[in-house]
Amino acid sequence: MAVVRRLGSAAIRSRKGGRFPVVTAYDAPFARCAEAAGIDVLLVGDSVGMVVLGYDATVPVELSDMCRHASAVARGARHAHLIVDMPFGSYEPSDADAVRAAVALVKSGAGSVKLEGGAAMAPRIAAIVNAGIPVVAHLGVLPQTAAIGSGFKRKTDRAALIADAHAIAAAGAYAVVLEMVDEQCAADITESLAIPTIGIGSGASCDGQVLVLHDVLGLYPDAPSFARRYAELATAATEALRAYGDDVRAGSFPPPAPRSVSALNAHG
Ligand code: KIV
């Protein structure tokens, strides 16, 4: 069996100071598209709950959902590095729970795992890293807890953000997502950390940028204002499906079977 060589976390770690794109992926076909487009870092985000599964938050997403989608992405993209989100509830209770959940994600294809939170999550990050699994941290707006306390507003508390960034880096995270962090704070964090920052709605100074696939492709109606649409696939899909439906109703699909010569002779 051919060995699949994937980009490792060390290669991503070494992109500090560069500019690299990351996009979310949830299934094999779009993972294939992203890889063919030259994007070699894919995030199997728990945003799957909203953009694919139809929930209005990431909270209901289960570990089994993430494993299922991670393995689909791993089958579609053979060389990209897969960062897989640890869903809400899978890592908060204890270090042992966190390691167990991270192991399940790695068995499903994750090259590294991502969890939300700052200094309070440093022990979880250290436990997972000590189990040999690379970790990406996530600071700023934390979607898993935004509705129950951490809030959806852009984060501007520079001192707290920098303290959190240094805590997660000291715990062993090899990169950090900064979601909706004040642009100057994100620039300062990027400058002061040795690991790459991956921004979403946090300005141009981050080392990498990540967007949600369905926002990029125009497949999700509630995209945030900072996202840029590069296609209108929902419109294209609706038009294609309308054309198919019209053809069936009009009798032009399937096309009439060609009548054979002998059939023509017999009945024509
Ligand atoms: O789940 C996700 O898509 C994410 C991005 C918003 C960074 O965590």
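Definitions and cut-offs
- Residues numbered from 1 in each chain as written.
- Predicted model: local features only at pLDDT ≥ 70, side-chain atom pairs only at ≥ 80, totals over all residues.
- Heavy atoms only, no water.
- Near = heavy atom within 4 Å.
- Polar contact = N/O pair within 3.5 Å; in protein donor to acceptor, adjacent residues only side chain to side chain.
- Areas by Shrake-Rupley, 256 points an atom, 1.4 Å probe, with all protein chains shown as cover.
- 1 Å grid on protein atoms, 1.4 Å probe; cavity = no way out; pocket = protein on both sides within 12 Å on 5 of 7 lines; lining within 4 Å.
- Sits in = over half its atoms within 2 Å of the grid points.
- Points joined across faces, edges and corners; volume = space filled by probe spheres on them.
- Nonpolar A, V, L, I, M, F, W, Y, C, P; charged D, E, K, R; others polar.
- Phe/Tyr/Trp six-rings, centres within 6.5 Å; stacked < 30°, edge-to-face > 60°.
- Lys NZ or Arg CZ within 6 Å of the ring centre and 35° of its normal.
- Axes fitted to C-alpha atoms, helices over the stretch in contact; angles between N-to-C directions.
- Helix = DSSP H or I, 4+ residues; strand = E, 2+ residues; numbered from the N terminus.
- Parallel < 35°, antiparallel > 145°, perpendicular 65-115°, else oblique.
- Left-handed = near helix turned anticlockwise from the far one by under 90°.
- Contact = heavy atoms within 4.5 Å.
- Salt bridge = Lys/Arg side-chain N within 4 Å of Asp/Glu carboxyl O.
- Buried < 20%, exposed > 50% of the residue type's maximum accessible area, 1.4 Å probe, protein only.

(A) Molecular detail of the site of the ligand. Residues in contact with the ligand, as listed here, are Thr24, Leu43, Gly45, Asp46, Ser47, Asp85, Lys114, His138, Val177, Glu179, Ile200 and Val212. Aspartate 46 is positioned such that a nitrogen or oxygen atom in its side chain is 3.0 Å from an oxygen atom of the ligand. In the model, an oxygen atom of the ligand is placed 3.0 Å from a nitrogen or oxygen of the aspartate 85 side chain. Relative to its unbound accessible area of 260 Å², the ligand is 95% covered by the protein chains. Under a 2 Å grid-point criterion requiring more than half of the atoms, the pocket assigned to the ligand is the largest pocket.

(B) Summary view of empty space enclosed by the protein. Under the counting rule described, the total for this entry stands at 1 cavity of 30 Å³ or more. A volume near 40 Å³ is recorded for the largest cavity. In terms of residue class, the lining of the largest cavity is built from 7 nonpolar, no polar and 1 charged.

(C) View of the packing of aromatic side chains. Tallied over the full model, the rule gives 1 aromatic pair. Aromatic pair tyrosine 244 and phenylalanine 253: ring centres 6.0 Å apart, planes at 65°, arrangement edge-to-face. For the cation-ring pair, arginine 15 lies above phenylalanine 20, with the distance from its terminal atom to the ring centre recorded as 5.7 Å.

(D) A look at the packing of helix H2 (residues 28-36) against helix H4 (residues 63-76). Following both chains from N to C, one finds H2 and H4 inclined at 45°, their axes separated by 7 Å at the closest point. Here H4 runs oblique to H2, going by the angle between their axes. Pair H2 / H4 crosses with right-handed handedness. Here H2 contributes Ala28, Ala31, Arg32 and Glu35 to the contact with H4, which in turn contributes Ala72, Val73 and Gly76. Of the residues in the contact of H2 with H4, the class split is 4 nonpolar, 1 polar and 2 charged.

(E) Structural view of the pattern of salt bridges. Summed over all chains, the structure comprises 8 salt bridges. Of the charged contacts, one joins arginine 100 and aspartate 97 as a salt bridge, the two residues approaching to 2.9 Å between their closest N and O atoms. Here aspartate 97 and arginine 100 lie together in helix H5 (residues 95-107), a separation of 3 residues that amounts to about one turn. Residue classification places arginine 100 among the exposed positions, given a relative accessible area of 54%. A relative accessible area of 27% places aspartate 97 in the partly exposed class. With its nearest N and O atoms 2.7 Å apart, the salt bridge here joins aspartate 188 to arginine 158. In this pair, aspartate 188 is assigned in helix H9 (residues 183-192) and arginine 158 in helix H8 (residues 158-170), connecting sequence segments 30 residues apart. Since its relative accessible area comes to 18%, aspartate 188 is described here as buried.

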